[in-house]
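Each chain is listed here by its residues.
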Amino acid sequence: MRITLLLLFGFCTCCLGAEQIALYPGFGRVRVTQQAQFFADLTGEKSIQNIVNQPDSSWKPIPPQGFSKPFDAKPYWIKIPVRCLRSEVYFFQSTYVILEDFALYIHNKTNDSISYQGNLGLKHASVRNPFLQSSFVFRMPLEAQTDYDLYVRLNKRFSTTVIPFFLRDSANFASHVNQIETERGIIYGVFFILIFQGLVLLFYFKERLHFYYIGYVLSSFLILFISDGMFRFYFPSWLYDEVHFSIYFIIPICFTFVFTIVFSLLNTQKHFPELVRFSWVVIVFSFMLSVINAVGYFQFPNFPLWVFRLSNLFVILYPILFITICFKTYSRFKNRQALVLLFLFSLTLLFILFFALLPFFTYRHDTFSKFRWIILFEALALMLIINRDLYLNK
């Protein structure tokens, strides 16, 4: 009899999942994808009551890979139908945080009431994140045997990454916090050690390579620090504009240091001067594009948004240049350092192409945790290569 009831319960849960997300005892975590729909607010002035009363035909299904906001200035609404089977505090989370607006409304369909949970967005925040979390998290006390529609209003002028939405129960949320904070503690702790070690070696050996390496590790750390949302702990007053454009300037700075390290290790200036000249042209153009993006955004409201997409092209172009330099060096001189660097940069490019990017160069933020480890691995490997090179040349 118990087995029959359990099977019946599982069947009912699956059936509900086709249209609703069933929050049953111990469900853990649900990634919100096909169950949700989105609606583009063309005027940007629709109230939550207007949105609730929108006909079903106006809502479009979210693609299986997740929701990615297009290049436009319109706010988008996400509708998530939920069936709560147990009274408990649940958590709604977005791990992507570089958004102007991120507001949550809960529509209780049983008594037709709407509760506003606040806006966690960087530009129009009405509440502070109540948790020591770098992600956006809303706490939702829901009642058993009740149907809800969760409405999320999000906005960002530029194209977003694929934004991962999660629903978690209390136990899973606590476990998730412990896991992610442990991972970040390890990664950022090692970065601090590498920066400190680089400073010690710089003062001891007085070699330019260590200066370049410190610049590379520090800029890589800042990219992770901002993209990961960690800035919200230490700089809660940072606005969306500062966060967004700091990334555009830090990325070319980071790759400038990597170029100088590679050129020095492989003596590229002597063997392939044409590649060095082309690489510097790419770096200069990347900085110019960052300035154009910033000026266009702040000074011209109708600045063509497709221009911002060009900046993402360099995320692929930089590793390709590194791979070309390392491959040519190894092919001609059988340099082991070139072979190791070739492996490192090929790993980065493969990750970007097959995991981090979707069509039209849209980032997938749900794979960002894997990218943290790759960046850390590269920083450790570069430190070993630099120290070995200096030791052999002494």
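Residues numbered from 1 in each chain as written. Predicted model: local features only at pLDDT ≥ 70, side-chain atom pairs only at ≥ 80, totals over all residues. Heavy atoms only, no water.

1. Topic: the overall build of the protein
Phase 1: Secondary structure assignment for the protein yields 11 helices and 13 strands.
Phase 2: On the protein, roughly 19100 Å² of surface is accessible, and the fraction owed to carbon and sulfur atoms is 65%. (Helix = DSSP H or I, 4+ residues; strand = E, 2+ residues; numbered from the N terminus. Areas by Shrake-Rupley, 256 points an atom, 1.4 Å probe, with all protein chains shown as cover.)

2. Section: the environment of Tyr76
Phase 1: On the secondary structure map, Tyr76 appears in strand S5 (residues 76-84).
Phase 2: Taking the C-alpha atoms as reference points, Tyr76 and Lys156, separated by 80 residues in sequence, lie 9.1 Å from one another.

3. Re helix H4 (residues 208-227)
Phase 1: With 20 residues, H4 extends 29 Å between its outermost C-alpha atoms, agreeing within 8% with the 28 Å of an ideal straight helix rising 1.5 Å per residue.
Phase 2: Burial analysis of H4 places 16 of its 20 residues in the buried class, which makes it a mostly covered element.
Phase 3: Looking at the residues trailing H4, positive phi occurs at Gly229, about 85°. (Expected span 1.5 Å × (residues − 1). Buried < 20%, exposed > 50% of the residue type's maximum accessible area, 1.4 Å probe, protein only.)

4. As for the packing of aromatic side chains
Phase 1: Under the defined criterion, the tally for this structure stands at 28 aromatic pairs.
Phase 2: A ring pair is formed by Phe27 and Tyr90, whose centres lie 5.9 Å apart and whose planes are at 40°; its orientation type is tilted. Taken together, the positions of Phe27 in the loop between strand S1 (21-23) and strand S2 (29-32) and Tyr90 in strand S6 (residues 88-94) put the pair 63 residues apart, joining distant regions of the chain.
Phase 3: For Phe27, a relative accessible area of 10% gives the class buried.
Phase 4: Centre to centre, the rings of Phe259 and Phe322 are 4.5 Å apart; their planes meet at 50°, and the pair counts as tilted. Residue Phe259 is found in helix H6 (residues 240-266), and its partner Phe322 is found in helix H9 (residues 306-333); the two are separated by 63 residues along the sequence.
Phase 5: Given a relative accessible area of 1%, Phe322 falls into the buried group.
Phase 6: Through successive ring pairs, a cluster of aromatic residues spans Phe255, Phe259, Phe263, Trp280, Tyr318, Phe322 and Phe345. (Phe/Tyr/Trp six-rings, centres within 6.5 Å; stacked < 30°, edge-to-face > 60°.)

5. Considerations on a nonpolar patch on the surface
Phase 1: Taken together, the side chains of Val291, Val295 and Phe300 define a hydrophobic patch exposed on the protein surface, amounting to about 260 Å² of accessible area.
Phase 2: With respect to the element layout, Val295 can be found in helix H8 (residues 273-299).
Phase 3: Taking relative accessible area as the criterion, Val295 reaches 41% and is therefore assigned partly exposed. (Patch = residues over 30% accessible without salt bridge, like charges linked within 9 Å, V, L, I, M, F, W, Y side chains within 5 Å. Salt bridge = Lys/Arg side-chain N within 4 Å of Asp/Glu carboxyl O.)

6. Digging into the side chain of Asn155
Phase 1: As for its position among the elements, Asn155 is in strand S10 (residues 146-155).
Phase 2: By relative accessible area, which is 10% here, Asn155 ends up buried.
Phase 3: Beyond its immediate chain neighbours, meaning those up to four positions away, Asn155 contacts Lys69, Ala73, Lys74, Pro75, Leu99, Glu100 and Asp101. (Contact = heavy atoms within 4.5 Å.)

7. Focus on the sheet that holds strand S9 (residues 136-142)
Phase 1: Strand order in the open sheet formed by four strands is S2-S11-S6-S9, and the pairing between neighbours is antiparallel. The open sheet has two free edges, formed respectively by S2 and S9, since each of these has just one partner strand. Looking at each pair of strands side by side, their axes are set apart by 20° on average, direction ignored.
Phase 2: Where S6 lies against S9, seven bridges are found, and the strand directions are antiparallel. For Ser94, the partnering residue across the bridge sits in S9 and is Phe136.
Phase 3: Most of the contacts of helix H3 (residues 170-205) go to S6, to which it runs at about 45°, and overall it touches S2, S6, S9 and strand S11 (165-168). (Pairing = 2+ DSSP bridges. Axes fitted to C-alpha atoms, helices over the stretch in contact; angles between N-to-C directions.)

8. Examining the confidence of the model for the protein
Phase 1: When pLDDT is averaged across the protein, the result is 82; 79% of the residues are at 70 or more.
Phase 2: Here residues 1-18 is modelled with pLDDT under 50, and outside its nearest four sequence neighbours on either side it reaches nine contacts, counting other chains as well.
Phase 3: Low pLDDT, under 50, characterises residues 358-363; the stretch is placed with 21 contacts to residues that sit more than four places away or in other chains. (pLDDT = per-residue confidence, 0-100.)

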